[in-house]
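Below are the chains, spelled out letter by letter.
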Amino acid sequence: MALRLLLLPLLLVAMAEPAQAQAPPQGAAAQRQAELDRLFEALRTAPDQGGGQIVESRIRALWGQAVSPAAALLLRRGQRNLQAQETAEALEDFDAAILLEPEAAEAWALRARAYAGLGDRVAAARDLQEALRLEPRHFGALLQFAALQEEAGDLRGALRSLDAALALHPRLPGGDARRRDLVRRAEGEAL
């Protein structure tokens, strides 16, 4: 009987360990968020375009790590389908990823690209709004939103969205040239 009393605490600890191993660490999301905060500051102050690209890659990698392996697989497959211009298939992949991970801003932004590729600007804009609600610093969603606004003829709105993206990622490749073009076109339209 005494041996059982001595072994009981060990048994309880042994039973608790597998449950703890299966559950994701409580601080993983907080750590990822803290790293994102540091990376967005580094992105904003990057000394050149190359430095900005390195930081951007790390941000995108963290966004990708925030989803389950199944959702990550679906997102990668959807991106391959987009590159192969198999947009309808990409949309199915992104739909499935969103069902698995509805809080993943990157999934919403990618599905918006698929909708835009199919010509459904309303659905694309709705998905971009959701991506920005989930991650207000999603510069890729802001760039896509600027492109949709530009296509719709809302040059001032496109300029606002582009400015918001450039505030987050000042070293965005081609960003300054695109901004100059939008300013020129928006001012010409206002005359």
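This text goes with the structure placed above it.
Below you will find a few notes about this structure.

About the thresholds
Residues numbered from 1 in each chain as written. Predicted model: local features only at pLDDT ≥ 70, side-chain atom pairs only at ≥ 80, totals over all residues. Heavy atoms only, no water. Helix = DSSP H or I, 4+ residues; strand = E, 2+ residues; numbered from the N terminus. Buried < 20%, exposed > 50% of the residue type's maximum accessible area, 1.4 Å probe, protein only. Areas by Shrake-Rupley, 256 points an atom, 1.4 Å probe, with all protein chains shown as cover. Expected span 1.5 Å × (residues − 1). Salt bridge = Lys/Arg side-chain N within 4 Å of Asp/Glu carboxyl O. Phe/Tyr/Trp six-rings, centres within 6.5 Å; stacked < 30°, edge-to-face > 60°. Contact = heavy atoms within 4.5 Å.

This next bit is on the overall build of the chain. When helices and strands are tallied, the chain shows ten helices and zero strands. Starting at the N terminus and walking to the C terminus, you meet the elements of the chain as α-α-α-α-α-α-α-α-α-α. Within the chain, buried positions represent 39% of all 191 residues. Accessible surface computed for the chain: about 11,300 Å², of which carbon and sulfur atoms make up 57%.

Here we take up helix α8 (residues 139-151). For α8, with 13 residues, the first-to-last C-alpha span of 18 Å sits near the 18 Å given by 1.5 Å per residue. Counting buried residues in α8 gives ten out of 13 residues, a clear majority hidden from the surface. Taken residue by residue, α8 has Phe139, Gly140, Ala141, Leu142, Leu143, Gln144, Phe145, Ala146, Leu148 and Gln149 as its buried positions. Downstream of α8 by a residue or two, Gly153 has a phi angle that is positive, lying close to 90°.

According to the stated counting rule, one finds 16 salt bridges in the structure shown. Salt-bridge contacts for Arg58 lead to Glu35; the nearest nitrogen and oxygen are separated by 3.0 Å. A residue pair is termed long-range when its members are at least 10 positions apart, and Arg58 in helix α3 (residues 49-65) and Glu35 in helix α2 (residues 28-44) qualify at 23 residues. Using a relative accessible area of 22% as the deciding quantity, one classes Glu35 as partly exposed. Arg137 serves as the salt-bridge partner of Asp37, at 2.7 Å between the closest nitrogen and oxygen. A residue pair is termed long-range when its members are at least 10 positions apart, and Asp37 in helix α2 and Arg137 in the loop between α7 (121-134) and α8 qualify at 100 residues.

Attention shifts here to the packing of aromatic side chains. On inspection of all chains with the given rule, the structure shows three aromatic pairs. On the basis of an interplanar angle of 45° and a centroid distance of 6.3 Å, the ring pair of Phe40 and Trp63 is categorised as tilted. Highlighted residues: Phe40 in helix α2 and Trp63 in helix α3, separated in sequence by 23 residues. We note that Phe40, like Trp63, is buried. By relative accessible area, Trp63 is classed as buried at 10%. Members of the aromatic cluster, each reached through a chain of ring pairs, are Phe40, Trp63 and Phe139.

The residue Ser161 is located in helix α9 (residues 155-168) in this model. What makes Ser161 buried here is its relative accessible area of 8%. Beyond its immediate chain neighbours, meaning those up to four positions away, Ser161 contacts Leu142, Phe145, Ala146 and Gln149.

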